[in-house]
Amino acid sequence: MHSRSRSRAETRRRYAAIELRKDVRFLDAVFFLFFFRYFILIMVPMCFILPTVIPVYAWNETWDISASSVLVRYVLGLNFTFSVNSFAHLWGNRPYNRTLKSTENPVVSFFTVGEGWHNYHHCFPWDYKAAELSFYRLNLTTAFIDFMAWLGWAYDLKTPNPELVDKLCENKGDGTNGLSRGKVGISEISDTVQ
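Computed from a predicted structure; not experimentally measured. Each chain has its residues counted from 1, following the order in which its sequence is written. A pLDDT threshold of at least 70 governs which residues receive local features in this predicted model, and a stricter bar of 80 or more applies before side-chain atom pairs are shown or counted, although totals over entire chains, interfaces and linings include all residues. No hydrogens and no water enter the side-chain calculation; it runs on all heavy atoms of the structure.

1. Structural notes on the packing of aromatic side chains
Any Phe, Tyr or Trp ring, taking Trp's six-membered ring, that has another such ring centre within 6.5 Å forms a pair; planes under 30 degrees apart are called stacked, those over 60 apart edge-to-face, and the others tilted. Enumeration over the complete set of coordinates arrives at twelve aromatic pairs. Taking 5.6 Å as the distance between ring centres and 90° as the angle between the ring planes, the aromatic pair formed by Phe124 and Trp126 counts as edge-to-face. Only protein chains enter the accessibility calculation, which uses a 1.4 Å probe; a residue is then buried when its area is under 20% of its type maximum, exposed when over 50%, and partly exposed in between. We classify Phe124 as buried; its relative accessible area is 2%.

What follows is the structure, encoded as structure tokens:
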């Protein structure tokens, strides 16, 4: 009986592999499985070794400066990323849902390249932009995803209906309507600054 169940499992595995190959996204799956399997072998050279070696040989930087700048970049990048769940839950406004702890924080968004619009993200987790901003203000991550979509490498990008966003803001928001909602134009910002 044990060998019989093993053969059924093997049959199911082979059938799943055949079905996976029929899927249009099979190459995407193979690509990501490759990087998942060899993550350390890819990450260490791309994150630490190459960024250290290139400045030394390209513009005669010293090894200690080059290595220390790579480590500082890595530590700051991690801290900026981890700060999203700390600072974007403490300070900021809640234009989409005032009952959630998450806030909209442009300072966090600046340092994390667009991840500080946390109240919007918690209200609309399926939106690929994670913000309602236009013109990619403080959200370079969306610009990158849009560029990948233009190349055809990102697809099925979902965004909520603008009427749904407005209705949620009216019913549950805290009444703020500034930069995070994308309702303040560039001219209005420059008039306020002057």
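From this point, the discussion proceeds with the structure in view.
2. Some thoughts on helix α7 (residues 140-151)
Counted at 1.5 Å a residue, the expected span for α7 with its twelve residues is 16 Å, and the 17 Å between its end C-alpha atoms agrees. The helix and strand labels rest on DSSP assignments: H or I over at least four residues marks a helix, E over at least two residues marks a strand, and numbering proceeds from the N terminus. Listing the buried residues of α7 in full gives Thr142, Asp146 and Met148. Buried residues of α7, viewed axially, fall in a sector of 160°; they line one side. Facing away from the buried side of α7 by more than 90 degrees, the exposed set consists of Leu140, Phe144 and Trp150. Just beyond α7, the residue with positive phi is Gly152, at close to 95°. Helix span is expected to be 1.5 Å times the residue number reduced by one. The arc in question is the one traced by the directions running from the helix axis out to the C-beta atoms.

3. Digging into the UniProt feature "transmembrane region" (unreviewed entry) in the chain
Per the UniProt annotation, the sites labelled "transmembrane region" (unreviewed entry) are residues 30-59 and 71-91. Within the segment residues 30-59, helix and strand shares are 97% and 0% respectively, and the terminal C-alpha atoms sit 38 Å apart. Note that residues 71-91 is 81% helix and 0% strand, and that its end C-alpha atoms are spaced 29 Å apart. UniProt positions are given in the numbering used here, feature names are shortened, and annotations may be inferred rather than shown by experiment.

4. Quick word on the nonpolar core
Of all hydrophobic cores here, the largest spans seven residues; its members are Tyr96, Tyr120, Cys123, Phe124, Val165, Leu168 and Cys169. Of all elements in the fold, only α6 (118-123) and α8 (162-172) reach the threshold of two or more residues within this core. Ranked by residues supplied to this core, first place goes to α8 with three residues. When sequence neighbours within four positions are dropped, the list of residues in contact with Tyr120 reads Tyr96, Glu104, Asp127, Ala130, Ala131, Glu132, Pro160 and Val165. The definition of a nonpolar core used throughout is a set of buried Ala, Val, Leu, Ile, Met, Phe, Trp, Tyr and Cys residues joined through side-chain atoms within 4.5 Å. By definition, residues are in contact when any of their heavy atoms lie within 4.5 Å.

5. Points about the confidence of the model for the chain
Taken over all residues, the pLDDT of the chain has a mean of 79, while the share at 70 or more is 79%. Along the chain, pLDDT gives the predictor's confidence residue by residue, from 0 to 100. Element-level mean pLDDT values for the chain span from 43 in helix α9 (residues 186-193) up to 92 in helix α3 (residues 39-59). In the model, residues 185-194 has pLDDT below 50 throughout and makes six contacts with residues more than four positions away in sequence or in other chains.

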